[in-house]
Every structure is written in structure tokens, then in C-alpha cells.
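This is what each chain is made of:
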Amino acid sequence: MLEKKFIEREVKTALWAINGDKSPGPDGYGSKFFKDSWEVVGKDVVDAIIKFFRTGEMLNVLNHTMITIIPKGSHATSVGDYRPIVGCNTIYKVISKMLCNRLKLILLTLISANQSAFIAGRTIVQNVLICQDLKKGGLRQGDPISPLLFVVCMEYLTRILNKVADMRKFGYHTKCRGLKLNHLCFAGLNTNAGKSNIFSANMPKQERKDLCEATGYQKESLPFRYLGGSNFSKEVINHGLNFLWDGREQTNKAPLITWDIICRPKHKGGLGIMDFMVWNETAIAKYVWNIAQKADNLWVKWVDHIYIKGTSWKQYVPPTDCSWY
């Protein structure tokens, strides 16, 4: 499958998958240009890309990359305080996406179940949930192909550990023996002080100061921005409304429009802001659906093996202290 020759349809599929408003690379031509002028440039684009896969040759100008650095917060003082945003040329992006599309077809069968990140049908949260259960029990940026190559490399480590697990003296955690689970990838992630801030509401000044000193994080005010986009959660909806109507975190002015109207799409009279509560409920429902349908992933197998034990999901009553419900 990986050695099968690429065809024009794959080129066009990859190009149309790139949003037209994405920043262009050094040549200044975004995907929208190629889409709008496809009847004129389409054949040349296809020929150039197919030739690359046939010969491995690429014009140097197509391989150029533009790097823009964006401060992660309002106190950027060192290189680590900036996030690099890489702008690749569209032709390069198309080639990379075509490789990704091929790899995605086989990664699910190639990569072990204990790697949950960057694989279609799996999420990194699944391994985090398993890790929480175990603890409770006593224990080139911008290139879309980069994470796929990363998990392929991690698979080598996984297979080594599986060989070790086959040794006679190897001992499994009591909850992991049935599934022969000896490690999890991307489950013990830590927060990064350079990317984290403290946001508080109705907290005494001294307690807020103590929290900042204990964590090493800076205090910031609401609403905050991450790479140019506003983010809201259940605890900051009121602060978001206050800011929209009065430009301040705290105000006595009553909002003139309710939050659900603000969250409507722009063409329906809203501002297009994501309703975080609806998004959260939908995300949770997806996990429940996976359990009910016995989806083929490690976390569902874990829940079924440790908790449900083969019974019907409709009849199961989860414990109040479980980390996944």
C-alpha cells in the first residue's frame, strides 16, 4: 500500500484538505490560490508532485520554510517564551499530507494499543484516564507528518518493552496482568510553567499570591488569548460576558444578550464563540458511546476489564470515586 504509485486524485484531495485561509509559505501562494486557479495550474502542480515521488527530487525553493515566533504570554524574555509557527510552501504541504494519508491507513494496525496519541480513532486522554486509575490503586514543527513519524519511532520502544515483559521474572501490576499492559505512552504529562498562568475569581489576594509562589506561575486576567483565539470555560462565562459588554473582568452592567445567543454562529446573529459546556458534554458522551459500543481501543478494554467485567453498559452503575465517569 505504501509503495503504490500516487495519482492525481490524491494530489487534489490533499490540496483541498488545506484551509484556504492558512498562512502561505515564503512563496506567498496559499492553497486558495491553487484551488481558484486549478484549471490553469492544476496539471503543472500534479506533474511536479508526482515527479517528486518518482525521482525524490524537489526544487530548493519549494523546500524553503518561513518561521514566525509568537510570545506565549505577556512576560516573554527568552527564546523559550516564544512559540515557533512554521510556514511551509503549499506544494510542500500537499506532499506531506499525501504521505500522511497513506500512513494513516496502516498506523492503526501497526502501532500498539498503548500509544494513544496522534492515531486516528484514539485520543491521548484515554491513557491519562488509565494512568489515573493506576495511581489511585497504589502505583520540524508545522509538518503534519511529524507526529506520525514520532509514534512509529515510539513503537520501537514499545516492542522492546513487550519483549522484556515476556521474560519469566517480569511482574505486571495486578490490574494490568489481564491485558498484559506494561507501559503507557504520553500518560504522565506535566504542566509547563512557561505555558501556564493562574486565573482566579473571588479569591483573597494573599491566597492568590501563595498559589502563584507555590506553582511558579504568573497571575493573568480574563479573558485570556491563546495564539490569537479567546478561550472560555464554565467558570469564566460571567467574566466573558462582563468583558464583552464593559471591557472589564468585574462590572455591574447587565449583559444585553445571553451567552447562548453569543455562542451562535455569526450568520445566525452570534459571535461564533464556542459554547464550552456543550462541547464538554459532547466530548463526554463520545466516551460513553465508545464504552457502550465496545470500541476497539485500550481504554475501553480497560474499563470493561476492571469495572464493567462483561456486563451490559445499560445495567452498570459506576462507582462514585472512579476517575473516568
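Look up: the structure comes first, before these words.
No experiment lies behind these values; they were computed from the predicted model shown.

Trainee: Would you explain the overall build of the chain in this entry?
Mentor: Scanning the chain from terminus to terminus reveals eleven helices and six strands. A total of about 21500 Å² of accessible surface is found on the chain, and carbon and sulfur atoms cover 57% of it.

Trainee: I keep staring at a nonpolar patch on the surface and nothing clicks. Help me out?
Mentor: On the surface, a cluster of nonpolar side chains totalling about 550 Å² of accessible area is made up of Phe243, Leu244, Trp245, Leu256, Ile257 and Leu271. Along the polypeptide, Leu271 turns up in the loop between α9 (259–262) and α10 (276–292). For Leu271, a relative accessible area of 46% gives the class partly exposed.

Trainee: Is there a simple way to think about the packing of aromatic side chains in this case?
Mentor: Each pair of aromatic rings is reported with the distance of its centres and the angle of its planes. Inspection of the entire model under this criterion finds eight aromatic pairs. Centre to centre, the rings of Tyr29 and Phe33 are 4.7 Å apart; their planes meet at 40°, and the pair counts as tilted. With 5.0 Å between their ring centres and 80° between their planes, Phe170 and Tyr172 make a pair best called edge-to-face. An aromatic cluster is built from Phe6, Phe52 and Phe53, whose rings are joined through pairwise contacts. Sitting over the ring of Trp16, Lys12 keeps its end group 5.2 Å from the ring centre. Looking at Arg102, its charged tip hangs above the ring of Phe6, at a distance of 4.0 Å from the centre.

Trainee: Can you help me understand the side chain of Asn297 in this one?
Mentor: Along the polypeptide, Asn297 turns up in the loop between α10 and α11 (298–308). We classify Asn297 as buried; its relative accessible area is 6%. Separated by 3.2 Å, the side chain of Asn297 and the backbone nitrogen of Trp299 make a polar contact.

Trainee: Sorry if this is basic, but what is going on with the packing of helix α1 (residues 8–16) against helix α3 (residues 38–55) here?
Mentor: Packed helix pairs are characterised by how far apart their axes lie and by the angle those axes make with each other. At a closest axis distance of 10 Å, the pairing of α1 and α3 adopts a crossing angle of 110°. Considering their axes alone, α1 and α3 lie roughly perpendicular with respect to each other. Crossing geometry of α1 relative to α3 is assigned as right-handed. Here α1 contributes Glu8, Val11, Lys12, Leu15 and Trp16 to the contact with α3, which in turn contributes Trp38, Val45, Val46, Ile49 and Ile50. Considered class by class, the residues forming the contact of α1 with α3 number eight nonpolar, no polar and two charged.

Trainee: Honestly, the pattern of salt bridges in this entry has me stumped. Any pointers?
Mentor: Side chains bearing opposite charge may pair, as long as their charged atoms lie close to each other. Scanning the model with the defined rule gives six salt bridges in all. Note that Arg102 and Glu10 form a salt bridge whose closest N and O atoms lie 3.0 Å from each other. Taken together, the positions of Arg102 in helix α4 (residues 90–110) and Glu10 in helix α1 put the pair 92 residues apart, joining distant regions of the chain. Take Arg102 and Glu10: they sit in the same class, and that class is buried. One salt bridge in this structure joins Asp296 and Lys301, with 3.3 Å as the shortest N-O distance. Note on Lys301: relative accessible area 39%, which makes it partly exposed.

Analysis parameters
- Residues numbered from 1 in each chain as written.
- Predicted model: local features only at pLDDT ≥ 70, side-chain atom pairs only at ≥ 80, totals over all residues.
- Heavy atoms only, no water.
- Helix = DSSP H or I, 4+ residues; strand = E, 2+ residues; numbered from the N terminus.
- Areas by Shrake-Rupley, 256 points an atom, 1.4 Å probe, with all protein chains shown as cover.
- Patch = residues over 30% accessible without salt bridge, like charges linked within 9 Å, V, L, I, M, F, W, Y side chains within 5 Å.
- Salt bridge = Lys/Arg side-chain N within 4 Å of Asp/Glu carboxyl O.
- Buried < 20%, exposed > 50% of the residue type's maximum accessible area, 1.4 Å probe, protein only.
- Phe/Tyr/Trp six-rings, centres within 6.5 Å; stacked < 30°, edge-to-face > 60°.
- Lys NZ or Arg CZ within 6 Å of the ring centre and 35° of its normal.
- Polar contact = N/O pair within 3.5 Å; in protein donor to acceptor, adjacent residues only side chain to side chain.
- Axes fitted to C-alpha atoms, helices over the stretch in contact; angles between N-to-C directions.
- Parallel < 35°, antiparallel > 145°, perpendicular 65-115°, else oblique.
- Left-handed = near helix turned anticlockwise from the far one by under 90°.
- Contact = heavy atoms within 4.5 Å.
- Nonpolar A, V, L, I, M, F, W, Y, C, P; charged D, E, K, R; others polar.

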